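# Residue-level structure breakdown
In case you want the letters, here they are:
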Amino acid sequence: MKRTAYRTCPLCEATCGLEITIEDEQVKLIRGDQADPFSGGFLCPKGSTLGRLRDDPDRLRAPLIKRDGGHVEVAWEEAWEAVAAGLDPYLAADRNAVAVYVGNPNAHSFQNSLALRPFIKAVGTRNFFSASTVDQMPRQVACAYMFGGGLITPVPDIDRTDYLLILGANPYESNGSLATAPDWPGRLEAIRARRGTVVVVDPRRTKTAETADRHLAIKPGTDAALLLSIVSVLVSEDLVDLGRLDDHVVGAEQVAAAAARFTPETVAGRTGIAAIEIRRLAREIAAAPSAAVYGRIGNHTVEFGTVAAWAADVINVLTGNLDRPGGVMFTRPIHQPTTRAPRRFQPGRWRSRVRDLPEFFGELPVATMADEMLVEGEGRVRAFITVGGNPVLTTPHAGRLDEALAGLDFMVSVDPYLNETTRHADVILPVPPALETSHFDLAFTILAIRNVAKYSPAVFEPSGPSEFDILVKLTGIVMGMGPEADPAALFQMSLASQVQRAVSDPGSPVHGRDPADILEALADWEGPEQALDLMIRMGAWGDGFGADPDGWTLAEVAAHPHGVDLGALEPRVPEVLATESGKIELAPEPVIADLDRLWGWLEAPEPEMVLVGRRELRSNNSWLHNVSVLVKGKHRCTLELNPQDAAGLGLDDGNLATVTSKVGSVELPVSLSERIRPGVVSIPYGWGHAMPGTQLSVASQRPGVNTNLLTDSGPIDPLSGNAVLNGIPVEVAASS
Ligand SMILES: Nc1nc2c(c(=O)[nH]1)N[C@H]1C(S)=C(S)[C@@H](COP(=O)(O)OP(=O)(O)OC[C@H]3O[C@@H](n4cnc5c(=O)[nH]c(N)nc54)[C@H](O)[C@@H]3O)O[C@H]1N2
Ligand SMILES: Nc1nc2c(c(=O)[nH]1)N[C@H]1C(S)=C(S)[C@@H](COP(=O)(O)OP(=O)(O)OC[C@H]3O[C@@H](n4cnc5c(=O)[nH]c(N)nc54)[C@H](O)[C@@H]3O)O[C@H]1N2
Ligand code: SF4
Ligand SMILES: [Mo]
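One structure accompanies this document, and this report is about it. (Residues numbered from 1 in each chain as written. Chains lettered and ligands numbered in written order. Predicted model: local features only at pLDDT ≥ 70, side-chain atom pairs only at ≥ 80, totals over all residues. Heavy atoms only, no water.)

What follows concerns the sheet that holds strand 11 (residues 214-216). Strands sit in the order 11-10-9-13 across an open sheet of four strands; the sheet is parallel. With one partner strand each, in any of the chains shown, strand 11 and strand 13 (292-295) form the two edges of the open sheet. For this sheet, the mean inter-axis angle between neighbouring strands, taken without regard to orientation, is 15°. Of the strands in this sheet, strand 9 (163-167), strand 10 (197-201) and strand 13 are in contact with helix 8 (residues 223-236), which crosses strand 9 at around 150°. Relative to strand 11, helix 11 (residues 275-287) is tilted by about 130°, and along the sheet it contacts strand 9, strand 10, strand 11 and strand 13. (Pairing = 2+ DSSP bridges. Helix = DSSP H or I, 4+ residues; strand = E, 2+ residues; numbered from the N terminus. Axes fitted to C-alpha atoms, helices over the stretch in contact; angles between N-to-C directions. Contact = heavy atoms within 4.5 Å.)

Before going further, it helps to examine the pattern of salt bridges. Applying the stated rule across the entire model yields 41 salt bridges. Put simply, Glu237 and Arg283 hold a salt bridge, and the shortest N to O gap is 2.8 Å. Highlighted residues: Glu237 in the loop between helix 8 and strand 12 (249-250) and Arg283 in helix 11, separated in sequence by 46 residues. Judged by its relative accessible area of 25%, Glu237 falls in the partly exposed class. (Salt bridge = Lys/Arg side-chain N within 4 Å of Asp/Glu carboxyl O. Buried < 20%, exposed > 50% of the residue type's maximum accessible area, 1.4 Å probe, protein only.)

The subject of this paragraph is empty space enclosed by the protein. With the rule as written, the count across this model stands at seven cavities of 30 Å³ or more. The computed volume of the second largest cavity comes to approximately 150 Å³. Considering the residues around the second largest cavity, the lining is formed by 16 residues, among which Thr15, Phe38, Val452, Ala453 and Lys454 are closest to the centre. Only helix 17 (442-446) and strand 19 (450-453) provide two or more residues apiece to the lining of the second largest cavity. For the lining of the second largest cavity, the domains that each give at least three residues are domain 1 (1-55) and domain 2 (59-125 + 369-446 + 455-485). (1 Å grid on protein atoms, 1.4 Å probe; cavity = no way out; pocket = protein on both sides within 12 Å on 5 of 7 lines; lining within 4 Å. Points joined across faces, edges and corners; volume = space filled by probe spheres on them. Domains from an automatic or database assignment.)

Our focus in this paragraph is the packing of helix 8 against helix 9 (residues 252-259). Where helix 8 contacts helix 9, the two axes come as close as 9 Å, and the packing angle between them is 110°. Accordingly, the angle class assigned to the pair helix 8 and helix 9 is roughly perpendicular. The element helix 8 and its partner helix 9 pack so that their crossing is left-handed. For the pair helix 8 and helix 9, contact is made by Leu228, Val231, Ser232 and Val235 and by Val255, Ala256 and Ala259, respectively. The class makeup of the residues in the contact of helix 8 with helix 9 is six nonpolar, one polar and no charged. (Parallel < 35°, antiparallel > 145°, perpendicular 65-115°, else oblique. Left-handed = near helix turned anticlockwise from the far one by under 90°. Nonpolar A, V, L, I, M, F, W, Y, C, P; charged D, E, K, R; others polar.)

With that out of the way, let us pick up the site of ligand 3. As a matter of local geometry, ligand 3 sits amid Cys9, Leu11, Cys12, Ala14, Thr15, Cys16, Leu43, Cys44, Lys46, Gly47 and Asn175. Classifying every residue of the shell around ligand 3 gives seven nonpolar, three polar and one charged. (Near = heavy atom within 4 Å.)

Its location among the elements puts Thr263 in the loop between helix 9 and helix 10 (264-271). Classification of Thr263 by relative accessible area gives partly exposed; the value is 27%. Spatially, the C-alpha atom of Thr263 lies 8.2 Å from that of Ala275, the residues being 12 residues apart in sequence. Aside from chain neighbours lying at most four places away, what touches Thr263 is Ser229 and Ser232.

This next bit is on the site of ligand 2. Near ligand 2 lie 31 residues; those nearest to it are Asp202, Gly221, Asp223, Ser619 and Asn621. Here an oxygen atom of ligand 2 and a side-chain polar atom of Asp202 are 2.6 Å apart. Considering ligand 2 on its own, with 930 Å² of exposed area, one finds that the protein chains cover 98% of that surface. Contributions of two or more residues to the shell around ligand 2 are made by helix 5 (171-174), helix 12 (297-300) and strand 23 (610-614). A breakdown of the residues in the shell around ligand 2 according to their chemical character gives 10 nonpolar, 13 polar and eight charged. Here the shell around ligand 2 gathers at least three residues from each of two domains, domain 3 (139-336 + 573-596) and domain 5 (607-734). (Polar contact = N/O pair within 3.5 Å; in protein donor to acceptor, adjacent residues only side chain to side chain. Areas by Shrake-Rupley, 256 points an atom, 1.4 Å probe, with all protein chains shown as cover.)

Moving on: helix 3 (residues 110-123). The end-to-end C-alpha distance of helix 3 is 20 Å, a good match for the 20 Å that 14 residues give at a rise of 1.5 Å each. At Leu116, helix 3 shows its largest kink, close to 30°, and the proline Pro118 lies no more than four residues downstream. Within helix 3, 10 of the 14 residues are buried, which leaves it mostly tucked inside the rest of the structure. For helix 3, the set of buried residues is Phe110, Gln111, Asn112, Leu114, Ala115, Leu116, Phe119, Ile120, Ala122 and Val123. Backbone geometry just downstream of helix 3 places Gly124 in the positive-phi region, at approximately 70°. (Expected span 1.5 Å × (residues − 1). Bend = angle between axes of the 7 residues up to and from the residue.)

The angle between the axes and the distance between the axes are what describe a pair of packed helices. Between helix 3 and helix 18 (residues 467-478), the shortest axis-to-axis distance is 9 Å and the interhelical angle comes to 10°. Between helix 3 and helix 18, the interaxial angle falls into the category roughly parallel. Residues Gln111, Asn112, Leu114, Ala115, Leu116, Pro118, Phe119, Ala122 and Val123 of helix 3 touch helix 18, and the partners they reach there are Glu467, Phe468, Leu471, Val472, Leu474, Thr475 and Val478.

Below, the discussion takes up the sheet that holds strand 2 (residues 17-23). Judged by pairing direction, the sheet is antiparallel, and its three strands sit side by side in the order 1-2-3 without closing on themselves. Here the strands that pair on one side only, and so sit at the sheet edges, are strand 1 (2-8) and strand 3 (26-32). Here the average twist between neighbouring strands, direction ignored, is 25°.

See below:
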């Protein structure tokens, strides 16, 4: 039997539509879905491997329990009993003794996003960590200060912009982040084709930089200073023009005063960007009919990540480009209400035990996770739960974390692989592969460059419990219900209370309605789809359960298997703002206060050699190296080194080099490249698969090295708790 299924690729933020040809219940072919209104047939080499991931013999099909130093398969009942028995004593004695880490794949799963919130609440620990603090937390913090409320970030309107300044992102390989758009490369080329301008700021001449109009090879870690000096030029040359935002911004004068000292001439030496270039950038952005300043990983995972994230949007605001077509704009997501209650962003509601670091949006910096496990004293973490994360490869000072995990009393992982992190787990609960799971993008619908919606049912029946049910059952266990906890009953309770809240909320379209009617209207769906239907129907485009008969429901979205395009982004200020003042608060006090630290840092001695990361098209963070078609060919885990530096070190192409930082050392082959700025070396991230006790038969043959053995968990961006993963001082030497 032959059939065709359509669904969204869950691997990266681009959300490409896939057309999947199935014969005899086996994937025969995966192509880009030409009829997807957003991706139009685009896909990358990773998207076509979802069938291989399902068929991977290393993928776990049954729960594993650690016994006599190795892992053995057990039945689900036994696994659940072991989980309850392992966690109960810690939960009973001190909930902070249980830590939780959730990783990147959760952001790509609506089921996980919906299930994790109550789960984390039920664990009730202060020790909640996620991949957010090795990623976008600086941007989240900066935006929360400026625009109020939770996760809300304007996205660059790349389809309409006349001028795009990209800092520390390489969408030719990554396909973009915090700016969901299938085929970033094509969209960048379209900017130039319509005579727009693309400028890339990156210590490496990446493929993105190569195809841009200009590339500025910045010294790592200095983007905050560069961006502030652009602000200073906008002010000193009288180029500030808030346009339509004039009535909606407070603090512009304060920003102008605070940025004044960061003139192009003062920052040129430390950033490596000539003063004349900086002035040109400021003038071009101000003069362009529309412009967007867009920073990502290289801009955020540095010591001044929050200042950099903030300064980028300050430029967007001061040039009138925030909230205008072609600038940076807010989505109107189908599953969120139109307005948000004003909420002042206040980090530090609790603090970490060992380093006294503040919480941000309910999580502690992952850079301090190992401290909480290793340092003795009351409240020390002794039990650990990971859900879809591989922090042994993805978080700083990874060698120390690996040691910390080995010393825990009890660990559970919800994960499809026995890998570098989960090998420490006492129990591994395997989840079905993507093709056996339904899909809707909660996070990336918020971050897309157009208003879009797409729901895809599971392509195949799951062969084991769904991840949603696993997480709900785990919630029951941490609530003390024991291994018998029934996920379906638990979920119905939680859905009923959500509906109850909705009908009691005067601002909701179902205020005053009978909750039984609402629940009945949701009855066409099961489980997480019911919660999703509720969100869509109560959302900005929803039918409000009859309040707007033309509005959307999940059934309506699902009736469009290729996805729905709800149109280009439209101006949303002031409606979208959730600050106390109701305005864009351009000069948050903690950010302005951090400028003194930046000033001092600019004057400190520069390291001679620093390390940055890189991503490649055929890798996905730490976990796709077990797919043979994605790792064949020339080995990609190399030390990229400029020939000028290599000559001084006596290193040649292919030689083995030893790279040493304050916290660790790795040895890997050199690839000489003029692409990288002298004084900077680059190692791709997500490799390092040579660890014992894993079940990764392909990845372990070409393991590469773990660059996070070199990154240090000490320095962080204090405003967001984000780790510093770029600009790491290192020494490079020929291996002896
Ligand atoms: N040096 C350096 N470090 C970095 C970065 C960098 O640029 N440089 N980037 C950072 C960034 S941006 C990120 S997002 C983080 C990522 O950090 P993590 O989230 O810790 O790492 P991933 O590789 O995404 O982890 C994926 C894990 O989830 C499992 N998995 C895959 N699919 C599923 C699923 O459907 N359900 C479940 N439960 N598990 C699943 C995989 O087997 C794997 O164990 O790394 C960060 N670390
Ligand atoms: N193929 C592939 N795609 C992915 C991923 C993947 O692992 N592989 N991961 C996904 C995830 S989780 C994320 S968050 C996104 C990330 O997407 P991107 O932000 O595009 O990430 P990178 O490709 O790592 O690009 C970071 C760039 O920053 C540069 N850089 C380093 N330090 C500095 C600095 O101090 N200043 C400046 N200006 N630049 C600097 C690096 O040289 C690099 O080119 O990609 C997503 N997409
Ligand atoms: S670009 Fe991203 S979403 Fe698109 S096919 Fe590749 S991995 Fe999947
Ligand atoms: Mo990420």
